[in-house]
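# Structure assessment
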Amino acid sequence: MIDPDTILSMKDVVKSFGSGRALDDVSVDLRCGEVHAMIGENGAGKSTLMKILSGAYRPDSGAMSLGGSRYAPRGPREALAKGVAMIYQELAIAPHLTVEANIMLGHERSRSGLIRRDEHRRMVMEALSLLDNPDIRPEAIAGTLSVGGQQLVEVARALVTNARVIVFDEPTSSLTERDATKLFEVIRKLRGKGIAIVYISHFLEEVRRLADRYTVLRDGRAVETGRMAETNLNAIIRAMVGRELTELFPKSERRPGEVVLSVSGMAGRVLPIRANLEIRRGEILGIAGLVGAGRTELLRSIFGLDEVRSGRVLVKGVEMGRSLRPRKRMERGVGLLSEDRKGEGLALRRSIEDNLTYPALNRHARWGWLDLKGRRAEASRWMKAVRVKSAGPGQAVGDLSGGNQQKVAIARLLHQEADVLLLDEPTRGIDIGSKAEIYRMIGDLAATGTAVVMVSSYLPELMGICDRLAVMARGVLSEARPIGAWTEDAVMNVATGG
Amino acid sequence: MAVDEFEAWSSQTKVNLGLRIAARRLMTLLGPFVGLIIVTGLFAFLTRHTGSFLTSANWRTIAVQTVIVGTAALGMTVIMISGGIDLSVGSVVAFVTVAVAILVRDLGVSIPLAMAAGIVIGGLCGLFNGGLITGLGVVPFIITLGGLKIFRGLAKWLASSTGVYVSGDAKPWWFGKLLAIDPKPEWLIVAPGIWMLLGLSLMVAFGLRYSVLGRYFYAIGSNEATARLCGINVPLVKLAVYGLAGLATGLAGVLQFVYLDGMGDPVTADGLELQVIAAVVIGGGSLSGGEGTVLGTLVGCLFMSVLNNGCVHAGISNASQDIIIGAIIVVAVALDRLRRRGCD
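All of these numbers come straight from a predicted model, not from anything done at the bench.

## Structural notes on the overall build of chain B
- Helices and strands together make up the secondary structure of chain B, namely 12 helices and 2 strands.
- For chain B, the α and β elements follow one another from N to C terminus as α-α-α-α-α-β-α-α-α-α-β-α-α-α.
- Compactness check: chain B gives a C-alpha radius of gyration of 22 Å against a globular reference of 20 Å for 344 residues, within 12% of the reference.
- Taking the principal axes of its C-alpha atoms as reference, chain B extends roughly 80 × 55 × 40 Å.
- Looking at chain B as a whole, 51% of its 344 residues are labelled buried.
- With the model as given, the accessible surface of chain B reaches about 15500 Å², and the carbon-plus-sulfur share is 70%.
- Taking the average place of the 21 positive charges on the side chains of chain B and the average place of its 17 negative ones, the gap between the two points comes to 2 Å.

So, in structure tokens, the structure goes:
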């Protein structure tokens, strides 16, 4: 018996790759006018499910129906034509074209080869009116919009194709709080129009606010489906990881030692505008703030990757000067974890052991020649210490899951023997199990006298593991206060300049 | 996950993943070999009546024809691994032949010394390219395109636009034997120049695998931002890349000088860079950097030589030759992309 509201249903869908089952008898119903959250760790099968919905993969067995008839798209184009639109994490926007051209991209209306501009304008205006965002004008160049704005352009693109199902894949992972709030409003409006929304996200709080129903995927199975209002976060997390996460933020025993890093009057070329901070051994200092406030730039300036206009950086009492040479900082024990794991953090095609040992490669060499065996042994040791799941040290780092990639990036800092860690969004885009492990690692490091500066857009984790917290707002870093003196509201207040 | 559970997971997946990775590596390595075998088989079939293709003399010829391209390709391999490209190879080779010839003819330098100087001149040309690339922050394609014209122009200017001949008395006894198709003594089997190329290849392969610098080349080519993040001195390493590759190009120039029987020719080796780049790419190198092996490059060079030589023996016209070679390059690279998509 099919619920009359059901627009799309997947029944007993199976998809295998090699010997592993990526999806195992998954059945999901989507109803008109609901936001349905897909929750699960990385590798749980969310993206496979998405790709089956969009026609990029064909299921091995099982059936799908859309609006009562069989649905078996042979590709994204056919899926879109049938009313199933995808909005991917990586934006599909042509930055040099106008908003209007982007929205109509791929489904232009034309008469004898010429574009029907009036028709375009009418359709675009109709779609944009629903978004209700004054920044997004049809003639604006798409590349000049914020990431959030570009995402809305993609939503508009889905609207002009009369999508009945819209799938959002991690839509807020690179949005500012404000853009995210706007996106939520839009999603609620879409829901009001009777569109079924599939919402995939790592941010459980956000899912909880937005979704009507949810399905938890684990190891390729749909382990739980229910109404959001009838559950709580702990129950969802338990379903996701298959075990109790009693202590997501383990508290470690630590005592602050001497000051190892002090930054005063730091000003970059554009950002940050003004920043002072001081951190001691065995301390975790959190830096909260909106995306674009200058937190990343601050860390990069401290590390010597970004040019600075003024400011002093002292590492263990030694002035670092203004040279753009991270090497000098690294020799004093400073290590930076990049927020952009794929673009900057790791050389994806190179092996785990290469990535792990780049900063201290000379330690495994005599006269410039490497001792590959010794290096492999040490790399294996670190991989074990941070529990990287892999086929071995020689595997390309790009083959690993996000969580394991991040563990390699962290292991690199440890191998480098850094004891002043600048961590930029260390848990972005990784599954909750890996997050818990990384929190534990950071705690343990601080307990052994490492100083950690941690930038994050995920306030609960900062509140959970930091000793002190400072907030960056429009390039200016606030004073760092003990974590007990902050509330989430107070942080947001400072961050938004209120 | 408990520790023992984790261990169990690792050992179980390790076998699967390990096999897959090994298979992939084998594919990457075998691809060019398979191509080489197919082409060889094809020409053997086409020339089955004359039988002139599959003779040891002809293969010694092919080997000699590979030496100069191969030597330059070793340098290009290193450059392309680090994410760069060098379009000035042909011009540098011509410039070096002229410079060596002028050193001998007009300045009375002995040939061995002039040949050594030729290698150094190649290295300096490389440093010139590398210096401009890192100093100006302009992409290698443009800088070396400039180099292509500049070095060619220098060669013509030095040589007054004609061949520079070295007198026969200046040539030492071994000069003509370096690239002789029938080497003396016979136990060498192939020309000494080929042994030189093989030795150099071993050195480069060893360096890429076992030296810190070699790992840095791959790091920069794979992701320059990562290299910077890891404190690698990117400009310095790039300078090393172009300098070292320049030495190889210089050696190729010296060999070209030998091949031309002691002549400096300002218009020689025109378009050599394209042949060299094609060889590297056929051998598994990538224009976007981070990939490439010495073995692959050598096979790629041999592939190109066999193709050229085979076309001649099969009586294929020069015009058709060009089209065939062009098509094969495109197919080889397209196949390579397909293989890569399989990996991602």
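## Observations concerning the environment of Ser401(A)
All names here are of chain A.
- Residue placement: serine 401 occurs in the loop between helix H13 (372-385) and helix H14 (402-415).
- We classify serine 401 as partly exposed; its relative accessible area is 32%.
- On a C-alpha basis, the gap between serine 401 and lysine 389 in space is 8.7 Å, while along the polypeptide they are 12 residues apart.

## Some words on the sheet that holds strand E6 (residues 84-87) of chain A
All names here are of chain A.
- Pairing within the open sheet is mixed, and its 6 strands lie in the order E6-E9-E10-E3-E11-E12. Edge positions in the open sheet fall to E6 and strand E12 (221-227), since each of these has one partner strand only. Across the sheet, the axes of successive neighbouring strands diverge by a mean angle of 20 degrees, strand direction being ignored.
- With 5 bridges joining them, strand E9 (residues 165-169) and strand E10 (residues 196-200) adopt parallel strand pairing. Following the sheet pairing, phenylalanine 168 is matched in E10 by tyrosine 199.

## Quick look at the sheet that holds strand E14 (residues 275-280) of chain A
All names here are of chain A.
- Ordered in space as E14-E13-E16-E17, the 4 strands form an open sheet in which the pairing is antiparallel. Of all strands in the sheet, those with a lone pairing partner are E14 and strand E17 (318-319), marking the two edges.
- Where strand E16 (residues 308-315) lies against E17, 2 bridges are found, and the strand directions are antiparallel. Paired with valine 315 across the strands is valine 318, a residue of E17.
- Along the sheet, helix H9 (residues 295-303) contacts strand E13 (259-268), E14 and E16; its crossing angle with E13, the most-contacted strand, is approximately 115 degrees.

## Looking at the nonpolar core
- Ranked by internal contacts, the top residues of the largest apolar core, which has 95 residues, are Ile39(A), Ile103(A), Phe168(A) and Leu190(A).
- The element best represented in this core is helix H15 (residues 432-447) of chain A, accounting for 8 residues.
- Taken together, domain 1 (6-241) and domain 2 (259-495) of chain A each give at least three residues to this core, which thus spans both.
- Once residues lying within four places of it in the same chain are set aside, the contact partners of Ile39(A) are Lys46(A), Leu204(A), Val207(A), Tyr214(A), Thr215(A), Val216(A), Leu217(A), Met228(A), Ile236(A) and Met240(A).
- With 67 residues, the next largest nonpolar core counts Val92(B), Val100(B), Val164(B) and Leu179(B) among its residues.

## Considerations on the pairing of strand E3 (residues 35-39) of chain A
Residues and elements named next belong to chain A.
- Most of E3 sits out of view: 5 of its 5 residues are buried.
- Burial along E3 is two-sided: Val35, Ala37 and Ile39 facing one way and His36 and Met38 facing the other are all buried.
- The pairing of E3 with E10 spans 4 bridges and is classified as parallel. Bridge pairing in E10 places methionine 38 opposite isoleucine 200.
- Here E3 pairs with strand E11 (residues 213-218) via 4 bridges, running parallel. Its bridge partner being in E11, alanine 37 is matched across the sheet by tyrosine 214.

## Notes on the pattern of salt bridges
Residue and element names in this part refer to chain A.
- This structure, assessed with the given rule, holds 41 salt bridges over all chains.
- Between arginine 191 and aspartate 212 there is a salt bridge; the shortest N-O distance is 2.8 Å. Of the two residues, arginine 191 sits in helix H6 (residues 177-192) while aspartate 212 sits in the loop between helix H7 (204-210) and E11, which places them 21 residues apart along the sequence.
- Taking the relative accessible area as the measure of exposure, aspartate 212 reaches 23% and is therefore partly exposed.
- The residue arginine 269 makes a salt bridge to glutamate 307 at a minimum N-O spacing of 3.7 Å. Placement of arginine 269 in the loop between E13 and E14 and of glutamate 307 in the loop between H9 and E16 is noted, with a sequence separation of 38 residues between them.
- Taking the relative accessible area as the measure of exposure, arginine 269 reaches 59% and is therefore exposed.

## Regarding the packing of helix H10 (residues 272-282) of chain B against helix H11 (residues 294-313) of chain B
Residues and elements named next belong to chain B.
- At a minimum axis separation of 7 Å, H10 and H11 run at an interaxial angle of 120 degrees. The angle between H10 and H11 places the two elements in the oblique class. For the element pair H10 and H11, the recorded crossing hand is right-handed. Contacts between H10 and H11 involve Gln275, Ala278, Ala279, Val280 and Ile282 from the first element and Thr297, Gly300, Cys301, Phe303, Met304 and Asn308 from the second.
- Looking at side-chain class alone, the contact of H10 with H11 contains 7 nonpolar, 4 polar and no charged residues.

## A few points about a nonpolar patch on the surface
Residues and elements named next belong to chain B.
- Where nonpolar side chains cluster on the molecular surface, the patch consists of Leu26, Leu29, Leu30, Phe33, Val34, Ile37, Ile38 and Leu295 and spans about 730 Å² of accessible area.
- In terms of residues, the nonpolar patch owes the most to one element, helix H1 (residues 3-46), which gives 7 residues.
- Note that leucine 26 resides in helix H1.

## Description of the domain arrangement of chain A
All names here are of chain A.
- Per the domain assignment, the segments making up chain A are domain 1 (6-241) and domain 2 (259-495).
- On a C-alpha basis, the centroid separation for the pair domain 1 and domain 2 is 33 Å.
- On the side of domain 2, 13 residues touch domain 1, which itself brings 13 residues to the contact.
- Here domain 1 and domain 2 share an interface that buries about 980 Å² over both sides, 63% of which is from carbon and sulfur atoms.
- Counting across the interface, domain 1 meets domain 2 through 0 salt bridges.
- Counting residues per element, the ones that place at least two in the side of domain 1 that touches domain 2 are H7 and helix H8 (233-241).
- Residue contributions to the side of domain 1 that touches domain 2 peak at 3 residues, all from H8.
- Grouping the constituent residues of the side of domain 1 that touches domain 2 by class yields 6 nonpolar, 4 polar and 3 charged.

Parameters and conventions
- Residues numbered from 1 in each chain as written.
- Chains lettered and ligands numbered in written order.
- Predicted model: local features only at pLDDT ≥ 70, side-chain atom pairs only at ≥ 80, totals over all residues.
- Heavy atoms only, no water.
- Helix = DSSP H or I, 4+ residues; strand = E, 2+ residues; numbered from the N terminus.
- Rg over C-alpha atoms; globule rule 2.2 N^0.38 Å.
- Buried < 20%, exposed > 50% of the residue type's maximum accessible area, 1.4 Å probe, protein only.
- Areas by Shrake-Rupley, 256 points an atom, 1.4 Å probe, with all protein chains shown as cover.
- Lys, Arg positive; Asp, Glu negative; His and termini not counted.
- Charge placed at Lys NZ, Arg CZ, Asp CG, Glu CD.
- Pairing = 2+ DSSP bridges.
- Axes fitted to C-alpha atoms, helices over the stretch in contact; angles between N-to-C directions.
- Contact = heavy atoms within 4.5 Å.
- Core = buried A, V, L, I, M, F, W, Y, C linked by side-chain atoms within 4.5 Å.
- Domains from an automatic or database assignment.
- Salt bridge = Lys/Arg side-chain N within 4 Å of Asp/Glu carboxyl O.
- Parallel < 35°, antiparallel > 145°, perpendicular 65-115°, else oblique.
- Left-handed = near helix turned anticlockwise from the far one by under 90°.
- Nonpolar A, V, L, I, M, F, W, Y, C, P; charged D, E, K, R; others polar.
- Patch = residues over 30% accessible without salt bridge, like charges linked within 9 Å, V, L, I, M, F, W, Y side chains within 5 Å.
- Buried area = accessible area lost by both parts, 1.4 Å probe.

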